[in-house]
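Chain by chain, the residues run as shown.
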Amino acid sequence: MGYWHNNPMHTFFYPGHIEHDPAKIHRPDDAQWNRYYAEVAVRGQILHDAIQAANLGPITHPGDFGLSPIQDVHAHEMINLLQNAYEQMKLEMGREVAIPETFSLRPRSRRHHYSVFGQLGFYCFDTSSPIFAPTWNAAYWSVQTAVSATALLLANQAANMQTAVYALCRPPGHHAAADQFGGFCYLNNVAIAANWLVQQGQRVAILDVDYHHGNGTQEIFYGRSDVLFVSIHADPRYEYPYYWGFADEYGYGSGYGFNHNLPLPPGTQGPAYLSALIKALTHIRAFVPDTLLISLGVDTGQGDPTGTFLLETPDFFEMGRQIGSLGLPTAVIQEGGYRLDTLGQHVTAFLTGLQTASTPEISPRT
Ligand SMILES: [Zn+2]
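Reading guide: rules and limits
- Note on numbering: residues in each chain are counted from 1, in written sequence order.
- Local features in a predicted model are, by the rule used here, given only for residues with pLDDT of at least 70; side-chain atom pairs are given and counted only at 80 or more, and totals for whole chains, interfaces and linings are based on all residues.
- As a rule here, side-chain values cover all heavy atoms of the structure and leave hydrogens and water aside.
- Here, two cysteine sulfur atoms that lie within 2.5 Å of each other are counted as a disulfide.
- Buried residues are those whose accessible area, probed at 1.4 Å on protein chains only, stays under 20% of the maximum for their type, while exposed residues exceed 50% and partly exposed ones sit between those limits.
- Counted as donors are N, O and S atoms no farther than 2.8 Å from the metal, or 3.2 Å for Na, K and Ca; water is not among the atoms, and sites may therefore look incomplete.
- For Phe, Tyr and Trp, rings pair up if their centres lie within 6.5 Å, where Trp contributes its six-membered ring, and each pair is then called stacked (planes under 30 degrees apart), edge-to-face (over 60) or tilted (otherwise).
- Only lysine NZ and arginine CZ atoms are considered, and such an atom sits over a ring when it is within 6 Å of the ring centre and within 35 degrees of the ring normal.
- Within a predicted model, pLDDT stands for the predictor's per-residue confidence, ranging from 0 to 100.
- The numbering of helices and of strands both runs from the N terminus, where a helix is a DSSP run of H or I of at least 4 residues and a strand a run of E of at least 2.
- Residue contacts are defined here by distance: any two heavy atoms, one from each residue, within 4.5 Å place the two residues in contact.

(A) Summary view of the state of the cysteines. In this structure the tally under the stated criterion is zero disulfides. Cysteine Cys185 shares no disulfide, and the gap to the nearest cysteine sulfur, in Cys169, comes to 11 Å. For Cys185, a relative accessible area of 0% gives the class buried.

(B) Representation of the coordination of the zinc ion in the model. The coordination sphere of the zinc ion, as far as protein atoms go, consists of Asp210 (OD), His212 (ND1) and Asp299 (OD), spread over 2.0 to 2.1 Å. All donors to the zinc ion come from one chain, and their sequence spacing reads D-x1-H-x86-D. The pair Asp210 / His212 is uniform in exposure class, with both members buried.

(C) Representation of the packing of aromatic side chains. Under the defined criterion, the tally for this structure stands at 17 aromatic pairs. The structure contains a cluster of three or more aromatic residues connected by ring pairs, namely Phe125, Tyr240, Tyr242, Tyr243 and Trp244. Sitting above the plane of the Phe287 ring, Arg203 keeps its charged end 3.9 Å from the centroid.

(D) Geometry of the confidence of the model for the protein chain. Here the protein chain averages 93 in pLDDT, and 93% of its residues register 70 or above. When mean pLDDT is taken per element in the protein chain, strand E5 (residues 204-208) scores highest with 99 and strand E1 (residues 3-4) scores lowest with 37. A low-confidence stretch, residues 1-5 (pLDDT under 50), is modelled with 14 contacts involving residues beyond four sequence positions or located in other chains. In the model, residues 362-366 has pLDDT below 50 throughout and makes seven contacts with residues more than four positions away in sequence or in other chains.

(E) Quick peek at the environment of Ile25. For Ile25, the location among the structural elements is in helix H1 (residues 22-25). Counting along the chain gives 257 residues from Ile25 to Thr282, while the straight-line C-alpha distance between them is 44 Å. In contact with Ile25, other than residues within four places in its own chain, are Glu19, Phe132 and Pro134.

What follows is the structure, given as C-alpha cells:
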C-alpha cells in the first residue's frame, strides 16, 4: 500500500519585471497598438497570484548568476545593444523607445555600426521587442529566474529528489537567437538555462509547447548534439515566426537529428495536440536526457489573442501529466500565453498535471 507524498513545486519569480510594460510605456492611449502588444506586465502578476492561490509551493526571488551564462549564448554586441539602446536612442534621436526602422536583410556583411538604428536593424528581426529604460533589467532577471530554476533542479537531483521547478519568466525568451532578438523576447531564457546545464555535465532536452515556434532556441542549438530541441507549434505557413519551424528542419552537422518540429494546422484541438505530444515524448525518450526543460506557452489555449488552437484547461493538465510520466527532473520556463482570463488556470493546470505525475509514490516500510 502506498500513499502520495505531496512534493511542493518551487517557483522563481522576479517582481521587478513589472517595470517593463511596453503596452503602458509606449503610446498608452493608442488602443490599436495596445491590442497588438499582448505581452503585458500584468501577465506576470496573474501567474504569480494563480500559483499562490493553487498553493503549489514556495515562490522565491531568483539568485544572481551574473552575465556569463548570457555571454555564453548571445553575441556580446547584441548584449551591449540591449543594455545601451535606450540611452543611445534618447541621445541620438531624442526618443524614449528603441525600435528598429530598417532591417539588414540577410545575408549581410558584418560591420561595426555606430548608430543605434544601424545596430537595431542588425540584431533585431521584428518590431515587437521595443527597448525602454527598464527592459534590460527585466530581461536580465528573466534569465536569472530560468537559471535559478535549473540550478535548484540540479541540487534536487543530487539529493535524489525528482521534483519539478517552475521559472515564472517575463519577458519570454524563445524567439531570441544568438545574435537576433524579436517576438516580445530579448534574451533566450530556456537556451541560456540549457547551456548552463550542459556546462554542469547534463544532457538536456528542451520541449517547446508554445503556440509559436521557438526559432531562437532552434537556431542556438541547431548544430549541436548535446541539447535536443523538440517543438510543437502552429504551422509557420500560417503563423508567426513564419520562416522557421518546418517539419524538415532536423539540424545541421553534428546537430543533425537533434531538432524536431511538429507543426500543427490552425484550429488544432486537444486530441490532435496530445497525439503530437506523444510523438514529441518519443523523441525525448530516445535521447535519454538527464534533465528536461519545458518552454511553456499557453497561447495554444482557446481564444488566445495571438493564436488559433483550441486547447482547454483539462488539456493542459493532461499535457503536464504526460510530460511528468517521463520521470525526468523538469524545469518549466514560462514563455507566452496572452488571454488574461484563462492564463492562470491553464498554467496551474499544466503544473498540477506535471506534479501529479512526477510525485514519487512512497511505500511506508515496516
Ligand atoms: Zn507564443
